[in-house]
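One letter stands for each residue in the lines below.
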Amino acid sequence: MAFPQREDPGERRPVLVVGAGPVGLVLATELLAQGVAVRLVDHSAAGPAQHSRASVVWPRSLELLGRIGASEPLIELGNRLDSVQYYSDKRHLGAIEMSRLTDTPYPFGVVVPQDTTEEVIRTRLAAYGGEIESGSLTGLDTSGPRPVAEVLRADGRTERIEADWVIGADGAHSAVRRFAGIELLGAGDDVLFAIGDGPVAGDLDQHALVYCYSRSGALGIAPFGDGQYRLAISVPDWRGEQGPPPELFQRFLDERSPRPGVVGELDWSTIFRARRRVAETMRAGRVFLAGDAAHVFSAAGAQGMNTGIQDAVNLAWKLAGVVRGAFEPGILDTYDSDRRLAAERIVLTTAKQTGWGLFKRRHELALRDVTVRLAHRTGVLQRFGGPLMAQHDVSYRPAESLRDTLPGLTRRIRVGDRLPVFAAHDEPQPGAERWPSIDPARLTLLLWAGERQDSTWLTARASVSAAAPDGVPVRDISAWPGFTPLLGTTPRALVVRPDGHVAAIVPPEPTAVRTALRRAGSSFRAGNDVRAGIGLRAGSTPEPAAGATPAAAGTPDAGGAAAEADAPIEADAPVDVGAPNAGGTPGAAVAAAAALPQAPAARVTALAAHADRTGGREPGELAS
């Protein structure tokens, strides 16, 4: 669905996006698809990238890119990744089989060069009427009611651009972040990696991301297809001015890889310093940060660009909804709370995985290898490592710290979790017809009958549907297979966000549903036809009031109705391990399964025993 833009070409643009990498491109395309006019500015004369260019697109990113029609072209141009394999001293430790994921149209990753990813998204940007302007940000004045950016053009002239909102998607050395006065915070030692793309002749795995650990360091191998690979090796030091030569990669491939290969002339190589930093805030007034501008972390797990794509979609549906008048302005405050803790979680897990691969002491190596083998044999590695790699474990449950990010042992959905439902602005995503569809720009109300679709349920469904505000789609998903283990046997109403995360779970009653919708950010202004995309014009967006963030789900309103009634409704609700999760990090209970060194062996053994009793599957797990 495309909302018509409501501005003449000469009028002020509502949103300025700085940076046309994958994150900026997704942001601009999403906004355009929802009827928000955008100016996208990028420094076309930028030098060679000084960081690892992304090569793997994981399942969650494919789901989100499918919203703008970009996933299928990427799959066609890339190489399918069916598994992640772990080795130590050339001996197999275990594997995460992406092909065993059952709740996505994309049970695989895609290895594809970043320039190809960008070209695909540029095509989608153009399809929605967008373009990339050449220019460098040289100043940003945020002292007035609207930010004013200074952009230096290629011909030497400076243009002042007044915008309702400015989004910095301009990388780790973000000018937007610097001008906004936002600090990039972090600790820990930097780790050096040599990164190179090129041909490798030999019997390397064509459809697996391979991690090879040894006492001298780690090696990562990602196959582009047709004999081309991304090689990433940890190096103790590097003082050369040129990129690392093929001989260096050959030496470590011989030393660490379980299969032999001959490295050819590299197409590209560089040194990547794996810093671990997160912005102190991802929002300052009318300025937002996304992608590497907001967080930088290790290349382990290939999570960087994928995390940025989640930033882009999270911000785009909220900002577009505010511009159109569909959501209250306070919903924009949730962008920082959603994504910053998620970024901190990725920083932690990737740092742990990097350290996991750099162990040198014998007892550390022995514990790591035994732990991964045990987790693999019992199914724990697959159960927790699969969602971690796919980024399906990212959740926006209320949390105060990373300690509140322990996932549960069951698959029961809670507020903030991702639900396997999918959206698209135009044509439906191929393969997604096996799951319910949701609106890509508005809250969707999903109704679940539980164990009985009887006359009582039909009455409740009719009353809730009649009470739903105009512009809120209502769908009964009771007949869809596979949702019982996720939603239980009690009737429920779920408010689902445009990105597929659950905003509220309440009894299927009109008052509770309307309260939940309001708290989730929906605006019920008189005369506001959200369905037609008619809202506030650019420039008339109300300024967020202090403390305007929507009340957290689960807080009673003046009438005592709770927006989140998950625990009271489900008498037999399973007990989750740990506190609610805001970032989806595998905590102490899951770390070993995700090949991360933050769990004691006894805890892993307990999880292994649970998996042995259940055959490595959760009760009622969706069939493949």
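You'll find the structure just up there.
Procedures and definitions
Residues numbered from 1 in each chain as written. Predicted model: local features only at pLDDT ≥ 70, side-chain atom pairs only at ≥ 80, totals over all residues. Heavy atoms only, no water. Helix = DSSP H or I, 4+ residues; strand = E, 2+ residues; numbered from the N terminus. Contact = heavy atoms within 4.5 Å. Buried < 20%, exposed > 50% of the residue type's maximum accessible area, 1.4 Å probe, protein only. Pairing = 2+ DSSP bridges. Salt bridge = Lys/Arg side-chain N within 4 Å of Asp/Glu carboxyl O. 1 Å grid on protein atoms, 1.4 Å probe; cavity = no way out; pocket = protein on both sides within 12 Å on 5 of 7 lines; lining within 4 Å. Points joined across faces, edges and corners; volume = space filled by probe spheres on them. Nonpolar A, V, L, I, M, F, W, Y, C, P; charged D, E, K, R; others polar. Expected span 1.5 Å × (residues − 1). Phe/Tyr/Trp six-rings, centres within 6.5 Å; stacked < 30°, edge-to-face > 60°. Lys NZ or Arg CZ within 6 Å of the ring centre and 35° of its normal. Core = buried A, V, L, I, M, F, W, Y, C linked by side-chain atoms within 4.5 Å. Polar contact = N/O pair within 3.5 Å; in protein donor to acceptor, adjacent residues only side chain to side chain. Axes fitted to C-alpha atoms, helices over the stretch in contact; angles between N-to-C directions. Parallel < 35°, antiparallel > 145°, perpendicular 65-115°, else oblique. Left-handed = near helix turned anticlockwise from the far one by under 90°.

Q: Explanation requested: the overall build of the chain in the structure shown.
A: For the chain, the count of helices and strands is 15 helices and 27 strands. Considering only residue pairs separated by 6 or more positions, the chain has 76% of its internal contacts joining residues 24 or more positions apart.

Q: Could you clarify how one ought to interpret the pairing of strand β12 (residues 165-168) in this entry?
A: Note on strand geometry: in a regular strand, side chains alternate between the two faces of the sheet. Taking every second residue as pointing to the same face, both faces of β12 are buried, with Trp165 and Ile167 on one and Val166 and Gly168 on the other. Across 4 bridges, strand β1 (residues 15-18) lies against β12 in parallel orientation. Residue pairing in the sheet places Leu16 in a bridge with Val166 of β12. Note that β12 and strand β22 (residues 287-289) share 3 bridges and pair parallel. Along β22, the bridge assignment pairs Ile167 with Phe288.

Q: Just to check I follow, could you spell out the pattern of salt bridges for this structure?
A: Side chains carrying opposite charge are able to pair once their charged atoms draw close together. All chains considered together, the criterion is met by 28 salt bridges. Ionic pairing is found between Glu63 and Arg60, a salt bridge with its closest N-O pair at 2.8 Å. With a gap of 3 residues between them, Glu63 and Arg60 both fall in helix α2 (residues 59-65), about one helical turn apart. A single burial state applies to Glu63 and to Arg60, both of which are buried.

Q: What is the right way to look at empty space enclosed by the protein in this model?
A: Regions of empty space are outlined by a rolling probe, equal in size to a water molecule, passed over the atoms. Taken as a whole and judged by the stated rule, the model has 6 cavities of 30 Å³ or more. Roughly 100 Å³ of internal volume is contained in the second largest cavity. When residues of the lining of the second largest cavity are traced back to their parent elements, those giving at least two are β5 (83-88) and β15 (208-214). By residue class, the composition of the lining of the second largest cavity is 6 nonpolar, 2 polar and 2 charged.

Q: Help me out: how do you make sense of helix α7 (residues 304-324) in this one?
A: Since the α-helix packs 3.6 residues into each turn, any two residues three or four apart lie on the same face. End to end, α7 covers 30 Å across 21 residues, agreeing with the expected 30 Å (1.5 Å per residue, within 8%). Counting buried positions along α7 gives 20 out of 21 residues, so the element sits mostly inside the fold. Gly325, located one to two residues past α7, shows a positive phi value of around 85 degrees.

Q: How do you make sense of the packing of aromatic side chains when you look at a structure like this?
A: Summed over all chains, the structure comprises 7 aromatic pairs. When the centroid spacing of 5.9 Å and the interplanar angle of 75 degrees are considered together, the rings of Phe288 and Tyr335 count as edge-to-face. Taken together, the residues span a long stretch of sequence, with Phe288 in strand β22 and Tyr335 in helix α8 (residues 333-356) at a distance of 47 residues. As far as burial versus exposure is concerned, Phe288 and Tyr335 are alike and both buried. Considering the side-chain rings of Trp317 and Phe327, the 5.5 Å spacing of their centres and the 80 degrees angle between planes classify their relative orientation as edge-to-face. Taken together, the residues Trp317 in helix α7 and Phe327 in the loop between α7 and α8 connect sequence positions 10 residues apart. Take Trp317 and Phe327: they sit in the same class, and that class is buried. Taken together through their ring pairs, the aromatic side chains of Tyr86, Tyr211 and Tyr213 make up a single cluster. Over the ring of Trp165 we find Arg286; its NZ or CZ atom is 4.2 Å from the centre of that ring.

Q: It is not clear to me how the sheet that holds strand β7 (residues 109-111) should be interpreted in this structure. Could you clarify?
A: Note on sheets: strands pair through backbone hydrogen bonds, and any given pair is parallel or antiparallel. Taken together, the 3 strands give an open sheet; going across it, the order is β3-β7-β4, and neighbouring strands pair in antiparallel fashion. On the outer flanks of this sheet lie β3 (56-57) and β4 (79-81), each paired with one strand and no other. Pairing of β3 with β7, which is carried by 2 bridges, proceeds in the antiparallel orientation. Paired with Val56 across the strands is Val111, a residue of β7.

Q: What am I meant to see in the sheet that holds strand β13 (residues 184-185) here?
A: On the basis of which strands lie adjacent, the open sheet formed by 3 strands has the order β13-β20-β23 and antiparallel pairing. Of all strands in the sheet, those bounded by a partner on one side alone are β13 and β23 (295-296). Inspection of the sheet shows β13 paired to strand β20 (residues 277-279) by 2 bridges, in the antiparallel sense. Bridge pairing in β20 links Leu184 to Ala279.

Q: What am I meant to see in the pairing of β5 here?
A: Across the 6 residues of β5, 6 count as buried, placing the element largely inside the fold. For β5 and strand β6 (residues 91-97), the ladder comprises 6 bridges, and the chain directions are antiparallel. In the sheet register, Gln85 faces β6, and the bridge partner there is Ala95. Between β5 and β6, which follow one another and run antiparallel, lie 2 residues, and Asp89 among them has a positive phi close to 50 degrees.

Q: Help me out: how do you make sense of the nonpolar core in this one?
A: A general feature of soluble globular proteins is that nonpolar side chains tend to end up buried together. Judged by nonpolar contacts, the single largest core of 88 residues is most densely connected at Leu31, Ile167, Leu319, Leu445 and Val495. Element by element, the count of residues in this core is highest for α7, at 11 residues. Look past the residues within four positions of Ile167 in its chain and what remains in contact with it is Val15, Leu16, Val17, Val18, Leu27, Leu31, Phe288, Leu315 and Leu319. By size, the runner-up hydrophobic cluster in this structure holds 23 residues, among which are Tyr211, Val372, Ala375 and Ala390.

Q: Help me out: how do you make sense of the side chain of Arg60 in this one?
A: You can call Arg60 buried: its relative accessible area is 4%. A polar atom in the side chain of Arg60 sits 2.8 Å from the side chain of Glu63. Reaching out from Arg60, the side chain makes a polar contact with the backbone oxygen of Asp499 at a distance of 2.5 Å. If sequence neighbours within four positions are ignored, Arg60 has contacts with Gln310, Ala390, Gln391, His392, Arg418, Asp499 and His501.

Q: Honestly, helix α10 (residues 380-390) in this entry has me stumped. Any pointers?
A: The buried fraction of α10 is high, at 11 of 11 residues. Taken together, the buried positions of α10 are Val380, Leu381, Gln382, Arg383, Phe384, Gly385, Gly386, Pro387, Leu388, Met389 and Ala390. Phi for Gln391, located one or two positions after α10, is positive at around 65 degrees.

Q: Whenever I open this one, the packing of helix α11 (residues 455-467) against helix α13 (residues 510-519) confuses me. Can you help?
A: Geometrically, a packed helix pair is captured by the angle between its two axes and the distance between the axes. It is at 9 Å that the axes of α11 and α13 come closest, and there the two elements cross at 40 degrees. The pairing of α11 with α13 is recorded here as oblique in orientation. In the packing of α11 onto α13, the handedness of the crossing is right-handed. Between α11, through Ser463, Val464 and Ala467, and α13, the contact on the second element is made entirely by Pro510, Val513 and Arg514. Tallied by class, residues from the contact of α11 with α13 come to 4 nonpolar, 1 polar and 1 charged.

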